[in-house]
Every structure is written in C-alpha cells, then in structure tokens.
Amino acid sequence: MNTRLVHEFRFEAAHRLPKVPRGHRCERLHGHSFRVEIAIEGRVREETGWVIDFYDLEKAWAPLHEKLDHHYLNEVPGLENPTSEIIAHWIWEQLTPSLPGLCRVTVFETCEARCEYEGG
Ligand SMILES: Nc1nc2c(c(=O)[nH]1)N=C([C@H](O)[C@H](O)COP(=O)(O)OP(=O)(O)OP(=O)(O)O)CN2
Ligand SMILES: [Zn+2]
C-alpha cells in the first residue's frame, strides 16, 4: 500500500533578496513566519502500520530548525539568496540523506504563496 505522509513545520526568520531588481521591496530586510511541509512516500509496513514514525520526521527536522529559526537566512551557508525556491532546495539537500522516500518539500513564505520542490 503506497502512501504519502506530510508533516508541517514552522520557523520564523528574516531575509532580504539580494538579486531582485533595483527598487524591489524584497531587497530590504524583512521577515516571515515560514511554514514548511515535508512529504514522504512509501509502503505501509505490516509490522508497524506506518510508513515511518512521524517522530522520526520531527527528529530529522530538528537540526534544520536550529539553523533556520530566528536566524538571518542570508547568513546561513547555502542561503545567501534565500528565495522560497532556494530554501526548498536547501531543505531537500539537508533531509534527503536521512529520509528515504522524501518526495516533496513545500515552503510557504506567506499564506498565499508557496514553492514545491520534488527533487531533480
Ligand atoms: N518566486 C519568488 N518570488 C518572490 C519570492 C520568492 O522567494 N520566490 N519572495 C519574495 C519576498 O520574499 C516577499 O517577501 C514575499 O512576500 P509577498 O509575496 O510580497 O507577500 P507579502 O505578504 O509580504 O505582501 P502582500 O502585501 O501581502 O502581498 C517576493 N517574490
Ligand atoms: Zn520575503
């Protein structure tokens, strides 16, 4: 039984976008309450009844929360240009070694706008 699990996480952070056109408001320092969804796909194991333990997802996320929450994202290595796209890719790269079945990272910068990254 192939199944998808999704866990939501949140972090608060400041950023500015250094590559936007001159005069773009996102060039200035500002902050967001970022929301992140991590999706894992896999087979439901007969022994456990789950794909993976949600707790294991929380454990995988914890070091990323340490790096991102209440930080200035532009100072985090790899996030010098912290668009939603680059943040989603960065999260994927951090998580993929420890989360087999990772199939999507979604970053919501605002309630209305999100970036979905599915690898590749
Ligand atoms: N493709 C992308 N476009 C934009 C990104 C991005 O990461 N990828 N980022 C931004 C800014 O970070 C901006 O702060 C995003 O907020 P915005 O969409 O402007 O919405 P706000 O809630 O801040 O403002 P409203 O007045 O509510 O629209 C811009 N573009
Ligand atoms: Zn922003």
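In this text the structure is predicted, and so the values were computed from the model without any measurement.

K.L.:
Just checking my understanding: could you explain the pattern of salt bridges for this structure?
P.N.:
Should their charged atoms come close, side chains of opposite charge can pair. Inspection of the entire model under this criterion finds seven salt bridges. With a shortest N-O distance of 2.8 Å, R10 and E8 are connected by a salt bridge. In this structure, the salt-bridge partner of E118 is R104, at a minimum N-O distance of 2.7 Å. Of this pair, E118 sits in the segment after β5 (114–117) while R104 sits in strand β4 (residues 102–108); the two residues are 14 residues apart in sequence, bridging distant segments of the chain. When its relative accessible area of 46% is taken as the criterion, E118 is described as partly exposed. Residue classification places R104 among the partly exposed residues on the basis of a relative accessible area of 24%.

K.L.:
Explain the site of ligand 1 here, please?
P.N.:
By nearness alone, every residue bordering ligand 1 is listed as H15, L17, R25, C26, H30, H32, T83, S84, E85, E109 and T110. Within the side chain of R25, one N or O atom sits 2.7 Å away from an oxygen atom of ligand 1. Take E109: an N or O atom from its side chain is 2.4 Å from an oxygen atom of ligand 1. Protein contact buries 53% of the 610 Å² of open area that ligand 1 shows by itself. For the shell around ligand 1, the secondary structure elements donating two or more residues are β2 (30–43) and α2 (84–95). Classifying every residue of the shell around ligand 1 gives two nonpolar, six polar and three charged.

K.L.:
In this structure, what is going on with the environment of G78? I would like to understand it.
P.N.:
Here G78 lies in the loop between β3 (71–72) and α2. Along the sequence, G78 and L95 sit 17 residues apart, while their C-alpha atoms lie 14 Å from each other. When neighbours within four sequence positions are excluded, G78 is seen to be in contact with I86 and W90.

K.L.:
Looking at this model, I keep getting lost on the UniProt feature "binding site: Zn(2+)" (unreviewed entry) in the protein chain. Mind explaining?
P.N.:
If you check UniProt for "binding site: Zn(2+)" (unreviewed entry), the listed places come out as H15, H30 and H32 in our numbering. For the annotated residues, spread through 18 residues, the largest C-alpha to C-alpha distance comes to 8.2 Å, consistent with a single compact locus. By the element assignment, H15 lies in strand β1 (residues 2–15). Excluding residues within four positions of it along the chain, H15 makes contact with R28, L29, H30, H32, F34, Y72, L73, N74, P82 and E109. Residue H32 is classed as buried on the basis of its relative accessible area of 14%. Contact partners of H32, with chain neighbours within four places excluded, come to F11, E12, A13, H15, E109 and T110.

How each quantity is defined
Residues numbered from 1 in each chain as written. Chains lettered and ligands numbered in written order. Predicted model: local features only at pLDDT ≥ 70, side-chain atom pairs only at ≥ 80, totals over all residues. Heavy atoms only, no water. Salt bridge = Lys/Arg side-chain N within 4 Å of Asp/Glu carboxyl O. Helix = DSSP H or I, 4+ residues; strand = E, 2+ residues; numbered from the N terminus. Buried < 20%, exposed > 50% of the residue type's maximum accessible area, 1.4 Å probe, protein only. Near = heavy atom within 4 Å. Polar contact = N/O pair within 3.5 Å; in protein donor to acceptor, adjacent residues only side chain to side chain. Areas by Shrake-Rupley, 256 points an atom, 1.4 Å probe, with all protein chains shown as cover. Nonpolar A, V, L, I, M, F, W, Y, C, P; charged D, E, K, R; others polar. Contact = heavy atoms within 4.5 Å. UniProt positions renumbered as here; feature names shortened; annotations may be inferred.

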